[in-house]
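As a plain string of letters, each chain reads:
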Amino acid sequence: MRLYIEVARKAIQRQLAYRQANVAGLFTNLFFGLLRAYIMIALYQARGADQDIAGYTLQSAITYTALTQAFIGAVRIFGWWDLMRTIKSGDVVSDLSKPFDFYVFWMAQDFGTNLVHILMRSLPIVMAYALFFEFAWPPSLGNALAFVASLLLAMLASFAWRFIINITALWTVDALGVGRLMYTVSIFFSGFLVPVAFFPDWLRTLAYLTPFPAMIETPIQIYLGVLPQADIGAALLGQVFWLLVLYAVGRWLLAAGTRKLVIQGG
């Protein structure tokens, strides 16, 4: 355990070293977040600003855009290629031969980087939104605590999904193309662009059959109180379920990929 804590700490130090990149990422996320917020304002004004859509008031819809934009760096559902690069370069062979758990090693790095993104991007974006708009806060302490737990599960589930995408590079030379397609699917069905609740019935049903809403929409529904208190426990269990499924698939692919490397390498 001490090794993985140290790995996470090193990831934090490495991410903090890229100060200009962190600042650029902050302003880019804030710009697109504000743009999305004004699109929401236009949508609600066209329907009547005092109405709600699928349980979201204008205030909660704006806050939804703020939170999705703020935590995009922590969940990183837009893409992550670090593991794939080591496979392409061959460095993965050295990593697999070292006396640590390969999966947890990468997860620790991811977690450390995510903490920096929360500090350097998420919190400043939330504060900026609170200055520009009437920001919605959790309706209760219970919602706030459940949101923290849900966000942690979302980050772990997102990593499990990204690990699956990256490990496919062991089987295909076009893993980058496959990854871009899969990330596009996950961005759409996660509720990042608009809440899944806004989807037509058939598309919403399809989205909830995937793990992606658990990575974006579920934590924010809990934060906003859109999800009834009685349903929060079930929502967290749903996140745990998808995390375990994705973890199991990733572990299976890792084991199969390791055997493939051993066979081809003699």
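Shown above is the structure to which this text applies.
Let me sum up the structure you'll find in this document. (Residues numbered from 1 in each chain as written. Predicted model: local features only at pLDDT ≥ 70, side-chain atom pairs only at ≥ 80, totals over all residues. Heavy atoms only, no water.)

Moving on, we get to the packing of helix α2 (residues 19-47) against helix α3 (residues 58-70). It is the contact of α2 with α3, at a shortest axis distance of 9 Å, that shows an interaxial angle of 160°. By the angle between their directions, the pair α2 and α3 is classed as roughly antiparallel. Viewed along their axes, α2 and α3 form a crossing whose handedness is right-handed. Residues Asn29, Phe32, Gly33, Arg36, Ala37, Met40, Ile41 and Tyr44 of α2 form the contact with α3, whose own contacting residues are Leu58, Ala61, Ile62, Thr65, Thr68 and Gln69. In the contact of α2 with α3, the residues fall into 8 nonpolar, 5 polar and 1 charged. (Axes fitted to C-alpha atoms, helices over the stretch in contact; angles between N-to-C directions. Helix = DSSP H or I, 4+ residues; strand = E, 2+ residues; numbered from the N terminus. Parallel < 35°, antiparallel > 145°, perpendicular 65-115°, else oblique. Left-handed = near helix turned anticlockwise from the far one by under 90°. Contact = heavy atoms within 4.5 Å. Nonpolar A, V, L, I, M, F, W, Y, C, P; charged D, E, K, R; others polar.)

The phi angle at alanine 54 is positive, at roughly 55°, despite the residue not being glycine. Among the structural elements, alanine 54 can be located in the loop between α2 and α3. Phi angles above zero are rare outside glycine, and arginine 76 is one such case at about 55°. Take arginine 76: it is sitting in the loop between α4 (72-75) and α5 (82-89).

In this section: the nonpolar core. Grouped together as the largest cluster of nonpolar side chains are 83 residues, with contacts concentrated most on Leu83, Tyr129, Phe163, Ile167 and Met215. In terms of residue count, the dominant contributor to this core is helix α8 (residues 141-167) (13 residues). (Core = buried A, V, L, I, M, F, W, Y, C linked by side-chain atoms within 4.5 Å. Buried < 20%, exposed > 50% of the residue type's maximum accessible area, 1.4 Å probe, protein only.)

This brings us to the pattern of salt bridges. Scanning all chains against the criterion turns up 7 salt bridges. A salt bridge links arginine 9 to glutamate 6; the nearest nitrogen and oxygen atoms lie 2.4 Å apart. In this pair, arginine 9 and glutamate 6 are both assigned in helix α1 (residues 2-17), 3 residues apart and thus about one turn of the helix distant. The partly exposed category is assigned to glutamate 6, whose relative accessible area is 32%. Among the ionic pairs, arginine 162 bridges to aspartate 110, the shortest N-O distance being 2.8 Å. Separated by 52 residues along the polypeptide, arginine 162 in helix α8 and aspartate 110 in helix α7 (residues 102-132) bring together distant segments of the chain. (Salt bridge = Lys/Arg side-chain N within 4 Å of Asp/Glu carboxyl O.)

Taken together, the side chains of Phe31, Phe32, Leu35 and Ile39 define a hydrophobic patch exposed on the protein surface, amounting to about 420 Å² of accessible area. Considering the arrangement of structural elements, one finds leucine 35 in helix α2. Given the relative accessible area of 44%, leucine 35 is considered partly exposed. (Patch = residues over 30% accessible without salt bridge, like charges linked within 9 Å, V, L, I, M, F, W, Y side chains within 5 Å. Areas by Shrake-Rupley, 256 points an atom, 1.4 Å probe, with all protein chains shown as cover.)

Moving on, we come to the side chain of asparagine 143. Relative to the elements of secondary structure, asparagine 143 occurs in helix α8. A relative accessible area of 1% places asparagine 143 in the buried class. Non-local contacts of asparagine 143, meaning those with residues more than four positions away in its chain, are made with Pro138, Ile222, Gly225, Gln229 and Ile232.

So, about the environment of leucine 3. When you line up the elements, leucine 3 lands in helix α1. Linking leucine 3 and glutamine 229, residues 226 residues apart in sequence, is a C-alpha distance of 38 Å.

Examined against the element boundaries, leucine 181 turns out to sit in helix α9 (residues 175-190). A C-alpha to C-alpha distance of 18 Å links leucine 181 and isoleucine 216, two positions 35 residues apart in sequence.

With respect to the helices, strands and loops of the structure, valine 93 is situated in helix α6 (residues 91-96). Of the residues examined, valine 93 reaches a relative accessible area of 48% and is grouped as partly exposed.

Next up on the list: the packing of aromatic side chains. Applying the stated criterion across every chain yields a total of 25 aromatic pairs. Taking the centre distance of 5.8 Å and the plane angle of 70° together, the rings of phenylalanine 71 and phenylalanine 147 count as edge-to-face. Here the residue phenylalanine 71 occupies a position in the loop between α3 and α4, and phenylalanine 147 occupies one in helix α8, the gap between them amounting to 76 residues. As far as the burial class goes, phenylalanine 71 and phenylalanine 147 line up, both buried. Look at phenylalanine 188 and phenylalanine 189: their rings are 5.1 Å apart centre to centre, the planes differ by 85°, and that puts the pair in the edge-to-face class. The exposure class assigned to phenylalanine 189 is buried, which follows from its relative accessible area of 14%. Members of the aromatic cluster, each reached through a chain of ring pairs, are Trp80, Phe100, Phe102, Tyr103, Phe105, Trp106, Phe159, Phe163 and Tyr247. (Phe/Tyr/Trp six-rings, centres within 6.5 Å; stacked < 30°, edge-to-face > 60°.)

This part is about α1. For an α-helix, 3.6 residues make a turn, and residues three or four places apart therefore share a direction. Here α1 is 16 residues long and its end C-alpha atoms lie 23 Å apart, about the 22 Å a rise of 1.5 Å per residue gives. Looking only at α1, the buried set comprises Tyr4, Val7, Ala8, Ala11 and Gln15. Along the axis of α1, the buried positions cluster into a sector of 95°, meaning they face one direction only. Away from its buried face, by an angle of more than 90 degrees, α1 presents the exposed residues Arg2, Ile5 and Ala17. Residues of α1 that are buried sit in contact with α2 and α7. (Expected span 1.5 Å × (residues − 1). Arc of directions from axis to C-beta.)

All quantities given are derived from atomic positions and should not be read as evidence of function.
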